[in-house]
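If you want the building blocks of each chain, they are given just below.
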Amino acid sequence: MNLKNNLSSPQYGGRNWVKNTDKEIITRKNIDSYIPELDAGAAEKKLKAMLKMQNKINNGKKTWQDYYKTLDNGEDYITRLIQNTGDLSKLTGDDLVRANRAARDSVLA
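Residues numbered from 1 in each chain as written. Predicted model: local features only at pLDDT ≥ 70, side-chain atom pairs only at ≥ 80, totals over all residues. Heavy atoms only, no water.

Our next topic: the pattern of salt bridges. Summed over the entire model, instances satisfying the criterion amount to three salt bridges. Across the salt bridge formed by D32 and R104, the nearest N and O atoms sit 2.7 Å from each other. One end of the pair, D32, is in the loop between α1 (2-7) and α2 (40-58); the other, R104, is in helix α5 (residues 93-108), with 72 residues separating them in the sequence. Exposure remark for D32: the relative accessible area of 45% places this residue in the partly exposed category. By relative accessible area, which is 12% here, R104 ends up buried. (Salt bridge = Lys/Arg side-chain N within 4 Å of Asp/Glu carboxyl O. Helix = DSSP H or I, 4+ residues; strand = E, 2+ residues; numbered from the N terminus. Buried < 20%, exposed > 50% of the residue type's maximum accessible area, 1.4 Å probe, protein only.)

Now the structure itself:
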């Protein structure tokens, strides 16, 4: 009975499970299918893209909404990081890696 309650949908008193695009419940084994682990090199590339977009926004050519649309499923942590950072020029690749790890841990929790 307890297992049934834990696997049932939220409307039936169960937990709101996070699922990947294949509708699999996210676990430690398949977390990369939802939020890929970000290494330092990939973080630096993402940071450069964010700063490039900020220049376009400052010039009135784009909006943050345009950038958010380019993010993959599971990259909501980047949106939150941008929205909660006053000065993007102070962000580092390490900040993105930490945000990525925190997002992965949150989904697994």
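Still more ground to cover, so stick around.
The subject of this paragraph is the packing of aromatic side chains. Aromatic ring pairs: the centre-centre distance and the angle between the two ring planes describe each pair. Tallying each qualifying case throughout the model produces three aromatic pairs. On the basis of an interplanar angle of 80° and a centroid distance of 5.7 Å, the ring pair of W64 and Y67 is categorised as edge-to-face. You can see W64 and its partner Y67 sitting in helix α3 (residues 64-68), three residues apart, about one turn around the helix. Here Y67 falls in the buried class, since its relative accessible area comes to 6%. Feature note: the residues W64, Y67 and Y68 constitute an aromatic cluster, connected by ring pairs. (Phe/Tyr/Trp six-rings, centres within 6.5 Å; stacked < 30°, edge-to-face > 60°.)

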